Amino acid sequence: MKKSVLAFGALAVGVAFSAPAMAADVSACLITKTDTNPFFVKMKEGATAKAKELGVSLKSYAGKVDGDSESQVAAIESCIADGAKGILLTASDTKGIVSSVKKARDAGVLVIALDTPLEPADAADATFATDNLLAGKLIGQWAKETLGDKAKDAKVGFLDLTPSQPTVDVLRDQGFMMGFGIDPKNPDKIGDEDDKRIVGHDVTNGNEEGGRKAMENLLQKDPGINVIHTINEPAAVGAYQALKAVGMEKNVLIVSVDGGCPGVKSVQEGVIGATSQQYPLLMASLGIEAIKKFADSGEKPKPTEGKSFFDTGVSLVTDKPVSGVKSIDTKEGTDKCWG
């Protein structure tokens, strides 16, 4: 495996060739939000391994931080110029990237959204993703059943992703509300709810530092907060750190989404009560298979029956199961985790 790193503008680019460039007939691009989040690291691992297996030349791109859409636009331009047959994309700005995606598709490139649907979803040729609405519902249902009668008087905070409200953020957030018994009002928008149990929303950029600051902000709004929904496990760990700093770590139920190995360990240690586990390696490897098939036959991938996307699965991970919510324990979650 030959690896090199290129840089242009604000774009951080890792380029991995799975076969000698001159020998490869099919080329593909993987464009993720960052190259530091374990979720995207595992996604790149899955894409790289499958590309090597199928003889596909793969280039991988990543922005410096979550929300760095300009880098993703630049990466799409580069992929088009390189003659890529397909692009696998986890979009930071699910609306703003659409015009660039259209340009790629107009050039004959198959574009598959991974993990995060575009807005509109059919702006991409296909979406391979976790059912993020279900992921949110599972942790919402678990939190509601765990609290029992106390759920009706809960004080709930939401640690979301970015102000642009990408679809993955909205789906998990609104799914949690549905599972917990909160009316989300417009299910396509964060922040329009009027349930008195909601303390507020803040953004984390999906990292520990963001989670810590957002948790501190919500504690200032209401120090009695006792349930926290987090966009991902790094944000959840940051929230726990903020709570521990003021001696409240045992008073607040934290739930999350991702299912990375560090996150599953956090569930095992009681930092996170439950998390919805998704499978990024599978998303990316299936995406590479789809690009190869498209290059060979022109056939585009089809969604899972009854859904508008190809569902790559989700499981609730907790060591404190509740009635009516199917889950796996941290031992099984560890066997299936990543990162």
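What you see is a predicted model, and the numbers here were worked out from it, not measured in a lab.

A. Summary view of the sheet that holds strand 12 (residues 274-277). Pairing in this open sheet of six strands is mixed, and the strands run 9-8-10-11-12-14 from one edge to the other. Each edge of the open sheet carries a strand with a single partner, namely strand 9 (198-203) and strand 14 (315-317). With direction set aside, neighbouring strand axes in the sheet form an average angle of 15°. Packing against the sheet, helix 6 (residues 208-221) makes contact with strand 8 (156-160), strand 9 and strand 10 (227-230), and its axis sits at approximately 150° to strand 9. In the packing of helix 7 (residues 233-245) onto the sheet, the strands contacted are strand 8, strand 10, strand 11 (253-258) and strand 12, and the crossing angle to strand 11 comes to about 160°.

B. Quick peek at helix 1 (residues 38-54). With 17 residues, helix 1 extends 24 Å from end C-alpha to end C-alpha; this agrees with the ideal 24 Å at 1.5 Å per step. For helix 1, the full list of buried residues reads Phe39, Phe40, Lys42, Met43, Gly46, Ala47, Thr48, Lys50 and Ala51. Of the residues trailing helix 1, Gly55 is marked for its positive phi of about 75°.

C. Region of interest: the nonpolar core. Core analysis: the largest hydrophobic core is formed by 24 residues, its most contacted members being Trp142, Ala143, Leu147, Val156, Phe176, Phe180 and Leu316. Mapped by element, the contributors of at least two residues to this core are helix 4 (132-147), strand 8, helix 5 (167-180) and strand 11. Among the elements that line this core, the one with the most residues is helix 4, at six residues. For Val156, the residues in contact, after removing those within four places along its chain, are Phe176, Phe180, Arg197, Ile198, Val199, Gly200, Ile225 and Val227. Among the nonpolar cores identified, the runner-up in size contains 23 residues, and Ala47, Val56, Ala284 and Ile291 belong to it.

D. Up close: the state of the cysteines. By the definition in use, this model includes two disulfides. One disulfide in the model links Cys29 with Cys79; its S-S distance is 2.2 Å. Its S-S torsion of approximately -120° makes the covalent link between Cys29 and Cys79 left-handed. Of this pair, Cys29 sits in strand 3 (residues 26-32) while Cys79 sits in helix 2 (residues 69-81), placing them 50 residues apart in sequence. Its relative accessible area of 2% is what places Cys29 among the buried residues. Residue Cys79 is classed as buried on the basis of its relative accessible area of 0%. Described in terms of the sequence order of its bonded cysteines, the disulfide pattern of the chain is 1-2, 3-4.

E. Spatial organisation of the environment of Leu219. Structurally, the position occupied by Leu219 is in helix 6. Residues Leu219 and Leu243 lie 24 residues apart in sequence; the distance between their C-alpha atoms is 8.6 Å. Contacts of Leu219, omitting those with residues within four sequence positions, involve Ile225, Ala242, Leu243, Val246 and Met248.

F. Region of the structure containing unusual backbone geometry. Across the junction of Glu119 and Pro120, the peptide omega takes the value 5°, indicating a cis bond. Within the secondary structure layout, Pro120 lies in the loop between strand 6 (110-114) and strand 7 (126-129). If you check the backbone angles, Asn205 has positive phi at about 60° while not being a glycine. Here Asn205 is to be found in the loop between strand 9 and helix 6. With a relative accessible area of 38%, Asn205 lands in the partly exposed category.

G. Structural detail: the packing of aromatic side chains. This model, assessed by the stated rule, comprises five aromatic pairs. Centre to centre, the rings of Phe39 and Trp338 are 5.2 Å apart; their planes meet at 70°, and the pair counts as edge-to-face. Taken together, the residues span a long stretch of sequence, with Phe39 in helix 1 and Trp338 in the segment after helix 10 (330-336) at a distance of 299 residues. Across this residue pair, the class does not change: Phe39 and Trp338 are buried. Their ring planes at 85° and their centres at 5.6 Å tell us that Phe158 and Phe176 sit as a pair that is edge-to-face. Highlighted residues: Phe158 in strand 8 and Phe176 in helix 5, separated in sequence by 18 residues. Across this residue pair, the class does not change: Phe158 and Phe176 are buried. Aromatic rings pair up to connect Phe39, Phe40 and Trp338 into one cluster.

H. View of the packing of helix 2 against helix 3 (residues 98-106). Where helix 2 contacts helix 3, the axes come no closer than 10 Å and their chain directions differ by 5°. Between helix 2 and helix 3, the crossing angle belongs to the class labelled roughly parallel. Between helix 2 and helix 3, the residues in contact are Val73, Ile76, Glu77 and Ile80 and Ser100, Val101, Lys103 and Ala104, respectively.

I. Summary view of the pattern of salt bridges. One pass over the structure, following the stated rule, counts 22 salt bridges. Between Asp183 and Lys185 there is a salt bridge, and its shortest N-O distance comes to 3.6 Å. Since its relative accessible area comes to 36%, Lys185 is described here as partly exposed.

J. View of the packing of helix 1 against helix 9 (residues 280-297). Between helix 1 and helix 9, the least distance of the axes is 7 Å, while the angle of their chain directions is 35°. Along this stretch, helix 1 crosses helix 9, giving a crossing that reads as right-handed. Together, Phe39, Lys42, Met43, Glu45, Gly46, Ala47, Lys50, Ala51 and Leu54 of helix 1 and Pro280, Leu281, Met283, Ala284, Ser285, Ile288, Glu289 and Lys292 of helix 9 make up the contact between the two elements.

How each quantity is defined
Residues numbered from 1 in each chain as written. Predicted model: local features only at pLDDT ≥ 70, side-chain atom pairs only at ≥ 80, totals over all residues. Heavy atoms only, no water. Pairing = 2+ DSSP bridges. Helix = DSSP H or I, 4+ residues; strand = E, 2+ residues; numbered from the N terminus. Axes fitted to C-alpha atoms, helices over the stretch in contact; angles between N-to-C directions. Contact = heavy atoms within 4.5 Å. Expected span 1.5 Å × (residues − 1). Buried < 20%, exposed > 50% of the residue type's maximum accessible area, 1.4 Å probe, protein only. Core = buried A, V, L, I, M, F, W, Y, C linked by side-chain atoms within 4.5 Å. Disulfide = S-S within 2.5 Å. Phe/Tyr/Trp six-rings, centres within 6.5 Å; stacked < 30°, edge-to-face > 60°. Parallel < 35°, antiparallel > 145°, perpendicular 65-115°, else oblique. Salt bridge = Lys/Arg side-chain N within 4 Å of Asp/Glu carboxyl O. Left-handed = near helix turned anticlockwise from the far one by under 90°.

These figures come from the coordinates and say nothing about function on their own.
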